[in-house]
Amino acid sequence: MSLPVVDPSESIAEPVRIEVMNRAGLGMLAAQAVSRATVRPALDFAAALRTRRPWMSASMLKLANSCEKAMAVVPAPRGTRIQRVRFPDFRAEWLWHNTHSDPSCVDQSVVLYFHGGVFLAGGLHSHRRLAARIARAAALPVFNVDYRLLPTAGFGDIVEDALTAYRYLLERGFAPARILLGGDSAGAGLAFSLALAARELGLPMPGAIAAIAPWADYNPVGRRADDSRDAVLSTATLAVPVAVHAERYGALQDIRSPLDHEFHCLPPILIQVGSDEVLRHDAELLASRCARSNVVCTLQVWDRAIHDFHLAADMLPDARAAIREIAEFYRSIDEPDRRRARGRRI
């Protein structure tokens, strides 16, 4: 893959950098066509079903969760080690490559990862291969969190699970600056919510956030209306979890989107998003918030990349390249800390 091209015309403001990644490969174009013909209609149908026949939506959720459990048969990448952790309300797992340090070594950085699925689906099985790829590429252990989902838990409970996982790493002895947040889609938005909640609670800030196509605006009214170019998600699909929460827990009166906050004191941020995604709206607004609060941020716009294309890294060279970019971002945060630590020991 060639080096990214910076388009000055799309620059938001310093210290935000926008990188327009090079043209989509044939594999990505094929993935976009297949997703447009299969995934997008299926998700749109499920969203419409939720509105027209609510009694059937529960069955759809059960089907989605059954699919996630069925993915337990999919092996992790070769060389991946797994160590499971149980919390009172959720579970998690450590992932690391057998050629790298295991999670017992707290004098290193660690990635705290949150899976996507619009808070309705997804889990450890569906995102294990992606999280393990990040672990190997970054040469760091990844703590992959299976937080509670709607409708069993509300938005606030999900953020509480993220905080519990963060506190767990702090209590194990990981330095806050060595805890690097990551996630995709709703999980990427959750990484922002965690950092913001930690700031409000007076907890130390994590060292970085790498966000894949973050869902960060829960208000469907403010979202860009034209989503016809997105091969996977629609505004109707993104409205479903908000409706599910409202139905069970009431309106989102006390729950604020990541975009409803100021971003002062947040750590360096990397955002990756496809050029045609409806969530590009969220990604660009997040970058604007970073600029307004003088937070260092790189926004990478990947040409015609489908939503969460990183999950198809086994087939898409573009996805493998994007994961390498995430790993390089984490290394750029981690290596200066290592040099400072060596200086202190001397």
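Before going into details, it helps to say that this report is about the structure given with it. (Residues numbered from 1 in each chain as written. Predicted model: local features only at pLDDT ≥ 70, side-chain atom pairs only at ≥ 80, totals over all residues. Heavy atoms only, no water.)

## Quick look at the overall build of the chain
Piece 1. For the chain, the count of helices and strands is 9 helices and 10 strands.
Piece 2. For the chain, buried positions account for 53% of its 346 residues.
Piece 3. When contacts within the chain are restricted to residue pairs at least 6 apart in sequence, long-range pairs at least 24 apart make up 78% of them.
Piece 4. Surface summary for the chain: the accessible area is close to 15,200 Å², and the carbon and sulfur share equals 54%. (Helix = DSSP H or I, 4+ residues; strand = E, 2+ residues; numbered from the N terminus. Buried < 20%, exposed > 50% of the residue type's maximum accessible area, 1.4 Å probe, protein only. Contact = heavy atoms within 4.5 Å. Areas by Shrake-Rupley, 256 points an atom, 1.4 Å probe, with all protein chains shown as cover.)

## Examining the packing of helix α5 (residues 155-172) against helix α6 (residues 186-201)
Piece 1. At a minimum axis separation of 9 Å, α5 and α6 run at an interaxial angle of 70°. One way to sum up the angle between α5 and α6 is to call them roughly perpendicular. In this structure, α5 contributes Ile158, Val159, Ala162, Leu163, Tyr166 and Arg167 to the contact, and α6 contributes Leu190, Ser193, Leu194, Ala197, Ala198 and Leu201.
Piece 2. Residue composition of the contact of α5 with α6, by class: 10 nonpolar, 1 polar and 1 charged. (Axes fitted to C-alpha atoms, helices over the stretch in contact; angles between N-to-C directions. Parallel < 35°, antiparallel > 145°, perpendicular 65-115°, else oblique. Nonpolar A, V, L, I, M, F, W, Y, C, P; charged D, E, K, R; others polar.)

## So, the nonpolar core
Buried together is how nonpolar side chains tend to be arranged in soluble globular proteins.
Piece 1. Among the nonpolar cores identified, the biggest contains 109 residues, and Leu112, Phe119, Phe143 and Tyr330 are the most heavily contacted of them.
Piece 2. At 10 residues, the largest contribution of residues to this core is made by α6.
Piece 3. The contacts of Tyr330, once residues within four sequence positions are left out, are Val111, Ile134, Ala138, Leu140, Leu180, Leu181, Gly182 and Ala210. (Core = buried A, V, L, I, M, F, W, Y, C linked by side-chain atoms within 4.5 Å.)

## A word on the packing of aromatic side chains
Piece 1. This structure, assessed with the given rule, holds 15 aromatic pairs.
Piece 2. Centroid distance Phe87 to Tyr168: 5.2 Å. Interplanar angle 85°. Geometry classified as edge-to-face. Of this pair, Phe87 sits in the loop between β3 (80-86) and β4 (91-97) while Tyr168 sits in helix α5, and the two are 81 residues apart along the sequence.
Piece 3. Overall, the relative accessible area of 14% leaves Phe87 in the buried class.
Piece 4. Between the aromatic rings of Phe143 and Tyr168, the centroid separation amounts to 5.1 Å while the plane-to-plane angle is 20°, which identifies the pairing as stacked. (Phe/Tyr/Trp six-rings, centres within 6.5 Å; stacked < 30°, edge-to-face > 60°.)

## Section: the environment of Trp215
Piece 1. Tracing the sequence through the fold places Trp215 in the loop between β8 (208-212) and α7 (235-249).
Piece 2. Assessed through its relative accessible area of 1%, Trp215 is described here as buried.
Piece 3. Each C-alpha atom of the pair Trp215 and Ser185 lies 5.2 Å from the other, and the pair is 30 residues apart in sequence.
Piece 4. Of note is the side chain of Trp215, whose polar atom sits 3.3 Å from the backbone oxygen of Asp217. (Polar contact = N/O pair within 3.5 Å; in protein donor to acceptor, adjacent residues only side chain to side chain.)

## A look at the layout of surface pockets
Piece 1. Approximately 330 Å³ is the volume attributed to the second largest pocket.
Piece 2. Around the second largest pocket, the lining comprises 20 residues; the ones closest to its centre are Val159, Ser193, Ala197, Arg256 and His261.
Piece 3. Within the residue set of the lining of the second largest pocket, elements represented by two or more residues are α5 and α6.
Piece 4. Along the lines of polarity and charge, the residues of the lining of the second largest pocket split into 12 nonpolar, 4 polar and 4 charged. (1 Å grid on protein atoms, 1.4 Å probe; cavity = no way out; pocket = protein on both sides within 12 Å on 5 of 7 lines; lining within 4 Å. Points joined across faces, edges and corners; volume = space filled by probe spheres on them.)

## Overview of the pattern of salt bridges
Piece 1. Taken as a whole, this structure holds 14 salt bridges when the rule is applied.
Piece 2. The residue Arg256 makes a salt bridge to Glu200 at a minimum N-O spacing of 3.9 Å. Here Glu200 lies in helix α6 and Arg256 lies in the loop between α7 and β9 (269-274), a separation of 56 residues in the sequence.
Piece 3. The partly exposed category is assigned to Arg256, whose relative accessible area is 43%.
Piece 4. Through salt bridges that share partners, Arg40, Asp44 and Asp227 make up one connected network. (Salt bridge = Lys/Arg side-chain N within 4 Å of Asp/Glu carboxyl O.)

## A word on helix α8 (residues 280-292)
Within an α-helix, residues lying three or four positions from one another point in the same direction, as the helix has 3.6 residues per turn.
Piece 1. Spanning 13 residues, α8 covers 18 Å between terminal C-alpha atoms, matching the ideal 18 Å at 1.5 Å per step.
Piece 2. All of the buried residues along α8 are Arg280, His281, Asp282, Ala283, Leu286, Ala287, Arg289, Cys290 and Ala291. (Expected span 1.5 Å × (residues − 1).)

## Side note on the pairing of β3
Piece 1. As judged from the 7 bridges shared by β3 and β4, these two strands associate in the antiparallel manner. Note on β4: the bridge partner recorded for Thr80 is His97.
Piece 2. Here β3 folds back onto β4 in antiparallel fashion, the turn holding 4 residues. (Pairing = 2+ DSSP bridges.)

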